[in-house]
Amino acid sequence: MEENRKLYSAVQPTNNLTIGNYAGAVKNFVALQNDYDCFYAIANMHAITVRQEPAELRKRTLALAALYIACGIDPDKCVLYVQSHVSAHAELCWVLNTFTYVGEMERMTQFKDKSRKHADNINMGLMDYPVLMAADILLYQARFVPVGQDQRQHLEISRDIAQRFNNAYSPTFTVPEGIYMKAGAKIGDLSDPAKKMSKSAENANGSVFLTDDRDTVIRKFKRAVTDSLSCVKYDPENQPGVSNLLSIYSVFANKSVAEAEKEFEGVGYGDFKLAVGETVADMLAPIQSEQARLLQDKAYLDGVLKSGAEKARYVANKTLAKVYKKIGFYGV
Ligand code: AQP
């Protein structure tokens, strides 16, 4: 039998992406595309679990498609598509809901965090987010899922749901495995490194966006929180700010954290922060100009997304048909 090399991941078009999304997800998507059969989605169905401005959501969906490509994702090698273009995601989610317990969902860290952040809109979709994510992955029979550490708990639930379904009927879903990169799997907020850097963080100074211009990037890094130890060392427990900056540098300079530590031995925090900022800004400049160029060519982007949706639908509908048959849905 042919080895299963299918890989699935997605990013929500909730805001401009941060360097955390790049480090934990997109950079790895590019590296993995040569060795795996990759499905990369723009998760707009997940995005609406938090209220979105419709015109902005539409705009950011296309911007994310352009960004994926500008970062190096090749639409001829991967299936790049928009989640809502494949209705099987919602259909499988409904079935999987009946294999998921309310108590499990209430325990999810992201649900608790987002419920606190959006106390006026704790909707069912917010709670159901991990089940939709399970549907995303399981539809493609994906064996590998590259995500940041913040998604580990959700991936575990996807595995549990897959196993539950397989045990109830017969082997139907591939049980997915997470791929977590060593460097950059969890980038912290620059103002509060204990918190993950997030697209929709309230304090925009703590998040560096892939769309930030050079001056903004450098200004944000100059303001980054460090400590009073005056020593550039990777020690997340005692020096969370400095360690976070070293992780960021290692991702953007393509060096190991140990190499980075060595490079900044004896360097003052001011110069260290400036060097990290300049390295990030240098890496972002060509991505930004390529994204801008692609956004001028809407017909090309629409074509990529249309063809991606067709390929995704073909695979997803095969799994959905199998599921419907197993659970006893009458077909004509
Ligand atoms: N700080 C981070 N460090 C490393 N990886 C991260 N990811 C997110 N933040 C970091 C990874 O990015 C991918 C896409 O995430 P998502 O858009 O699906 O949602 P998210 O994890 O909820 O990301 P954000 O930035 O925090 O978005 P908002 O603010 O809208 O909720 C995932 O692989 C994630 O692990």
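Residues numbered from 1 in each chain as written. Predicted model: local features only at pLDDT ≥ 70, side-chain atom pairs only at ≥ 80, totals over all residues. Heavy atoms only, no water.

Caption draft 1: Structural detail: the overall build of the protein chain. A tally of regular secondary structure across the protein chain gives 13 helices and 5 strands. Expected size for 332 residues packed as a compact globule is a radius of gyration near 20 Å; at 20 Å, the protein chain falls within 12% of this value. For the C-alpha atoms alone, the extent of the protein chain along its principal axes is close to 70 × 45 × 45 Å. Residue pairs in contact within the protein chain that sit at least 24 positions apart in sequence constitute 76% of those at least 6 positions apart. Just so you have it, the protein chain exposes about 15800 Å², and 51% of that area is on carbon and sulfur atoms. (Helix = DSSP H or I, 4+ residues; strand = E, 2+ residues; numbered from the N terminus. Rg over C-alpha atoms; globule rule 2.2 N^0.38 Å. Contact = heavy atoms within 4.5 Å. Areas by Shrake-Rupley, 256 points an atom, 1.4 Å probe, with all protein chains shown as cover.)

Caption draft 2: Geometry of the site of the ligand. Contacts to the ligand come from 24 residues, most closely from Lys 114, Asp 150, Ser 198, Lys 199 and Ser 200. The backbone of Gly 148 places a nitrogen or oxygen atom 2.8 Å from an oxygen atom of the ligand. Contacts to the ligand include Lys 199, whose side-chain N or O atom sits 2.4 Å from an oxygen atom. Coverage of the ligand by the protein amounts to 98% of the 640 Å² it exposes when considered alone. At the level of elements, strand 1 (6-11), helix 1 (19-32) and helix 6 (109-117) are the ones that each hand at least two residues to the shell around the ligand. Tallying contributions element by element places helix 1 first for the shell around the ligand, with 4 residues. (Near = heavy atom within 4 Å. Polar contact = N/O pair within 3.5 Å; in protein donor to acceptor, adjacent residues only side chain to side chain.)

Caption draft 3: Representation of the pairing of strand 2 (residues 37-42). Counting buried residues along strand 2, 5 of its 6 residues qualify, which places the element largely inside the surrounding structure. Direction of pairing for strand 1 relative to strand 2: parallel, over a ladder of 6 bridges. Counterpart to Ser 9 in the pairing with strand 2 is Tyr 40. A crossover links strand 1 with its parallel partner strand 2, the connecting element being helix 1, and its sense is right-handed. With 4 bridges joining them, strand 2 and strand 3 (residues 79-82) adopt parallel strand pairing. For Ile 42, the partnering residue across the bridge sits in strand 3 and is Val 82. (Buried < 20%, exposed > 50% of the residue type's maximum accessible area, 1.4 Å probe, protein only. Pairing = 2+ DSSP bridges. Right-handed = clockwise from strand over helix to strand, strands pointing away.)

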